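# Working through the structure, step by step
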Amino acid sequence: MDLHQRYPGLEDLKRRAERRLPRFVWEYLDSGTGTEAARARNRTGLDRLGFLPSVLHGPMEPDLSTPLLGTAYALPFGIAPVGMSGLIWPDAEAILARAAAAAAIPYCLSTVASQSPEDLAPHLGGDGWFQLYPPKDEAIRGDLLARARDAGFKTLVLTVDVPAASRRERQTRSGLTQPPRLTPRLLAQIAQRPAWALGMARRGLPRMRTLDKYIPGEQANLPPTAHIGYLLRTSPDWDYVHWLRRNWDGAFVIKGVQRAEDAKRMQAAGADAVWISNHGGRQFDGCPAAIDLLPDIRAAVDLPLIFDSGIEGGLDILRALALGADFVMLGRAFHYALAALGAAGPAHLTDMLAKDMQANMCQLGLSGLDAVRSLQRRKLD
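About the criteria used
Residues numbered from 1 in each chain as written. Predicted model: local features only at pLDDT ≥ 70, side-chain atom pairs only at ≥ 80, totals over all residues. Heavy atoms only, no water. Helix = DSSP H or I, 4+ residues; strand = E, 2+ residues; numbered from the N terminus. Rg over C-alpha atoms; globule rule 2.2 N^0.38 Å. Contact = heavy atoms within 4.5 Å. Areas by Shrake-Rupley, 256 points an atom, 1.4 Å probe, with all protein chains shown as cover. Lys, Arg positive; Asp, Glu negative; His and termini not counted. Charge placed at Lys NZ, Arg CZ, Asp CG, Glu CD. Salt bridge = Lys/Arg side-chain N within 4 Å of Asp/Glu carboxyl O. 1 Å grid on protein atoms, 1.4 Å probe; cavity = no way out; pocket = protein on both sides within 12 Å on 5 of 7 lines; lining within 4 Å. Points joined across faces, edges and corners; volume = space filled by probe spheres on them. Nonpolar A, V, L, I, M, F, W, Y, C, P; charged D, E, K, R; others polar. Phe/Tyr/Trp six-rings, centres within 6.5 Å; stacked < 30°, edge-to-face > 60°. Buried < 20%, exposed > 50% of the residue type's maximum accessible area, 1.4 Å probe, protein only. Polar contact = N/O pair within 3.5 Å; in protein donor to acceptor, adjacent residues only side chain to side chain.

## Notes on the overall build of the chain
Assigned secondary structure in the chain consists of 18 helices and 12 strands. Whereas a compact globule of 381 residues would reach a radius of gyration of roughly 21 Å, the chain reaches 20 Å, a difference of no more than 12%. In the chain, once contacts between residues fewer than 6 apart in sequence are set aside, the share between residues at least 24 apart is 75%. Carbon and sulfur atoms make up 51% of the accessible area of the chain, which amounts to about 15,800 Å² in all. The positive charge centre, built from 45 side chains, and the negative charge centre, built from 41, are 5 Å apart in the chain.

Below you can see the structure in the form of structure tokens.
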């Protein structure tokens, strides 16, 4: 089966993923918050950005390799952290880590993933990223950093845009509880999705294994958009950032940035890169399109800029690079691919994105990524 014939775009993978996932899992993956206006703005903002094609360049094979944080990557994109990936597909984190290592792109493991840093150590390929939801207790914080470092994670990513659980109304309506419980309603949804059900039967319902060490035993029910990590977490401040910088000797990235003045202060605090994101519209429905924030932040700092939120194809990646991003991360997209095609999904999506980037770069007469950043851009109606 030629996957490019059957699933030529992300929308094809997304449709198949929806057909294979129980409704509560689909809503967990796909939903935003509020009326999902922020998600819509992300798409509209990307679509407004166009380029003039350039012709008569002869045969081209654009080079997509790029350096970031001291590592040479084969492609200018990677796999963003998604909490409880193992709820979306069995063994999700290990599958994604292996796919990233094979493609020479980064994979970022969430603190609230269903596999721990130690579980992922054999699959990282020497370049794991660890995303930290900030524990309040300094001893736990230090232990998490040591565990990540010992497991082979080289880059620490502090997420700062989740001061509290968002409401995510679609997710709540689906019936998902925290921790997940197999209610009759959920069991009825699972019965309609045999591939997902069989995989989960083999591995068992996922839990946040990284946190097992710190929260033993059963926990009281939490709001459906919170999780046991909220029992440990705090909303970080600048002192927290300085503590992490002193105690982490690898690359340090701060994720969830939308203001240029915050990015400037992060550079002064020792961050090695800033990650621009509105959390894919999952946290705050009143924010602008993330892509519209890139130029001001690019003008404010000379750090590498990582970007996510709304990316759906290779052209979107080029749009982000043209506005000043150095690298792009995708979360939902890789999980759509995983749910659609299982272990074959991430590699197919990676190849799809790379081919889409190269096809569009040929239209623009560009042989490498440095030229993308000097493109003349036009706002489209």
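## Remarks on the pattern of salt bridges
Under the defined criterion, the tally for this structure stands at 23 salt bridges. Arg43 is paired through a salt bridge with Asp47; the nearest N and O atoms lie 2.7 Å apart. One end of the pair, Arg43, and the other, Asp47, are both in helix H4 (residues 37–47), four residues apart, so they sit about a helical turn from each other. Close ionic contact of Asp143 with Lys213 constitutes a salt bridge, the shortest N to O distance being 2.7 Å. Placement of the pair is Asp143 in helix H8 (residues 138–151) and Lys213 in the loop between helix H11 (194–203) and helix H12 (238–247), with a sequence separation of 70 residues.

## Regarding the layout of surface pockets
Of the pockets and cavities examined, the second largest pocket occupies roughly 520 Å³. Contributing to the lining of the second largest pocket are 19 residues, with Val160, Asp161, Pro163, Gly256 and Asp262 lying nearest its centre. Contributions of two or more residues to the lining of the second largest pocket are made by H12, strand E8 (251–257) and helix H13 (260–268). Counting residues per element, the lining of the second largest pocket draws most heavily on E8, at three residues. When grouped by side-chain class, the residues that make up the lining of the second largest pocket number 11 nonpolar, four polar and four charged.

## Describing the packing of aromatic side chains
Two measures describe an aromatic ring pair: the distance that separates the ring centres and the angle between the ring planes. Tallying each qualifying case throughout the model produces five aromatic pairs. Relative to Phe327, the ring of Tyr73 lies with its centre 5.4 Å away and its plane at 55°, an arrangement referred to as tilted. In this pair, Tyr73 sits in strand E3 (residues 71–73) while Phe327 sits in strand E11 (residues 327–330), placing the two residues 254 residues apart along the sequence. Consider the rings of Phe130 and Phe153, whose centres lie 5.8 Å apart with planes at 70°: the pair is edge-to-face.

## Regarding the side chain of Arg332
Along the polypeptide, Arg332 turns up in helix H16 (residues 332–341). One buried charged residue, Arg332, forms no salt bridge at all, with the nearest opposite charge on Asp30 at 5.0 Å. In terms of polar contacts, Arg332 uses its side chain to reach the backbone carbonyl oxygen of Leu29, at 3.2 Å. A polar atom in the side chain of Arg332 sits 2.9 Å from the backbone oxygen of Ser31. Sequence-distant contacts of Arg332, that is, excluding residues within four places in its chain, are made with Leu29, Asp30, Ser31, Gly32, Arg39, Gly280 and Arg282.

## Here's the deal with unusual backbone geometry
A positive phi angle is found at Leu69, which is not glycine, with a value near 55°. Examined against the element boundaries, Leu69 turns out to sit in the loop between strand E2 (66–68) and E3. Owing to a relative accessible area of 25%, Leu69 belongs among the partly exposed residues under this scheme. Look at Ser309: it is not a glycine, yet its phi comes out positive at around 105°. Counting through the fold element by element, Ser309 comes out in the loop between strand E10 (305–307) and helix H15 (314–322).

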